[in-house]
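# Tertiary structure, described
Each chain is listed here by its residues.
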Amino acid sequence: MAIANDKLDAKAQSIPLFAEFSSKFTKSDTVIANYIAEHVKKVLQMTISDLSLNTGISEITISRFCKKLDLSGFQDLKVNLASSTVQTVDEVELDMGDDTPTLASKIFHNIQTGLSMTDQVLDYQAVDRAANLIANCNRLISFGYGTSGTICRDIGIRFVRFGICTEVVHDPHQQATIADMCELYNTVIVVVSLSGSSVNLIEPVKSAKQNGAKIILITSHKRSPLASLADEVLVGIGPEIRLLAESTVTRFVYLAIVDLLFSKVAIIKNESYHQHIINMRHSLAPLKS
């Protein structure tokens, strides 16, 4: 059980969310913050009841602590905690002298860590709601740039199998045009953005929402401009490999989230989905040897 302490420890101060709101902390809040900062990996796997037991602080007080941080609850706290501390959790960095088996081991370890962390913080009720939005839409569009654009292409290739009109749009001018036309269709836009702060995406997403589109955001930062616009936010995180200078782990994590969404929609649209698959295989048969 934690011992009450009026002072916010250095580790807790290094967590941006705690540092930002520390002036509002009571003695109990400080105990919670210090404990979380000292046991990040453990806390990511806890329930609010577990945290209460380990800190000696009531669940109600912990819930109030989360609200004080401008969060919806403990699950939201875990998402933000994981996003802000991900580089310190189970990170295995590559070295220029690593041989191929060592490189493989480190890369696969980081991907597994990212999937595990995402499993702990992903809001599965939000996944259910997002899947229902997609299952009931007439038009599915995905917006994203760079590495995020590869995830968008996967969405475009796969979700068309539900018989939904599916588009992948990378050009900002085309995004702006489509955003103004959303009122003509029952449209869902899946936005993929690691930071959730891409300037080129904010305006077309804002316009699309104003014109009636539903927005699903796949990101690593729930406290972001795009997250504030989205109807559903799906957070994926993991320790990145800085030597590669790109979001290697996140790409795999996002693809897993897309797989989850796809599987959920397939269950919702089970009968029509199977018929579409039969038709697709029949059409593809002449193209295969």
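The model shown is predicted, which means the values in this text are computed figures rather than measured ones.

### Some remarks on the overall build of the chain
Along its length, the chain carries 15 helices and five strands. The dimensions of the chain, computed from C-alpha atoms along their principal axes, are 70 × 50 × 35 Å. Put simply, the chain has 289 residues, and 47% of those count as buried. Sequence-distant contacts in the chain: of pairs separated by 6 or more residues, those separated by 24 or more amount to 70%. Accessible surface, the chain: about 14100 Å² in total, of which carbon and sulfur atoms supply 53%. Put simply, the chain has 27 plus and 30 minus side-chain charges, and the middle of one group is 4 Å from the middle of the other.

### What about the packing of aromatic side chains?
Summed over all chains, the structure comprises six aromatic pairs. Between the aromatic rings of Phe 159 and Phe 262, the centroid separation amounts to 5.5 Å while the plane-to-plane angle is 85 degrees, which identifies the pairing as edge-to-face. Residue Phe 159 is found in helix H10 (residues 146–159), and its partner Phe 262 is found in helix H14 (residues 248–268); the two are separated by 103 residues along the sequence. The two residues Phe 159 and Phe 262 agree in class, both being buried. Here the aromatic rings of Phe 162 and Phe 262 are separated by 4.8 Å at their centres, their planes lie at 40 degrees, and the arrangement is tilted. One end of the pair, Phe 162, is in the loop between H10 and strand S2 (165–169); the other, Phe 262, is in helix H14, and 100 residues separate them in sequence. Residue Phe 162 shares its accessibility class with Phe 262, and that shared class is buried. Aromatic rings pair up to connect Phe 18, Phe 25 and Phe 65 into one cluster. Here the basic side chain of Arg 139 rests over the ring of Tyr 185, its NZ or CZ set 4.5 Å away from the ring centre. Over the aromatic face of Phe 262 sits the side chain of Arg 158, whose NZ or CZ is 4.2 Å from the ring centroid.

### So, helix H12 (residues 199–210)
With twelve residues, H12 extends 18 Å from end C-alpha to end C-alpha; this agrees with the ideal 16 Å at 1.5 Å per step. For H12, the elements touching its buried residues are strand S1 (139–143), helix H11 (172–180), strand S3 (187–192), strand S4 (214–219) and helix H13 (225–229).

### A closer look at the pairing of S4
Among the six residues in S4, five count as buried, and that is most of the element. Bridging between S3 and S4 involves five bridges; their strand directions are parallel. Along S4, the bridge assignment pairs Val 188 with Lys 214. Taken together, the four bridges between S4 and strand S5 (residues 232–235) define a ladder with parallel strand orientation. Directly across from Ile 218, in S5, lies its bridge partner Leu 234.

### Re unusual backbone geometry
Even without being a glycine, Asp 70 presents a positive backbone phi close to 65 degrees. Within the secondary structure, Asp 70 is located in the loop between helix H6 (59–68) and helix H7 (74–85).

### Notes on the pattern of salt bridges
On inspection of all chains with the given rule, the structure shows eleven salt bridges. As a salt-bridge pair, Lys 222 and Asp 76 come within 3.3 Å of each other at their nearest N and O atoms. Taken together, the residues span a long stretch of sequence, with Lys 222 in the loop between S4 and H13 and Asp 76 in helix H7 at a distance of 146 residues. Given the relative accessible area of 26%, Lys 222 is considered partly exposed. For Asp 259, the salt bridge identified is with Arg 158, shortest N-O distance 2.2 Å. Here Asp 259, found in helix H14, pairs with Arg 158, found in helix H10; they are 101 residues apart in sequence, far enough to count as distant.

Rules of the game
- Residues numbered from 1 in each chain as written.
- Predicted model: local features only at pLDDT ≥ 70, side-chain atom pairs only at ≥ 80, totals over all residues.
- Heavy atoms only, no water.
- Helix = DSSP H or I, 4+ residues; strand = E, 2+ residues; numbered from the N terminus.
- Buried < 20%, exposed > 50% of the residue type's maximum accessible area, 1.4 Å probe, protein only.
- Contact = heavy atoms within 4.5 Å.
- Areas by Shrake-Rupley, 256 points an atom, 1.4 Å probe, with all protein chains shown as cover.
- Lys, Arg positive; Asp, Glu negative; His and termini not counted.
- Charge placed at Lys NZ, Arg CZ, Asp CG, Glu CD.
- Phe/Tyr/Trp six-rings, centres within 6.5 Å; stacked < 30°, edge-to-face > 60°.
- Lys NZ or Arg CZ within 6 Å of the ring centre and 35° of its normal.
- Expected span 1.5 Å × (residues − 1).
- Pairing = 2+ DSSP bridges.
- Salt bridge = Lys/Arg side-chain N within 4 Å of Asp/Glu carboxyl O.

These figures capture arrangement, not role.
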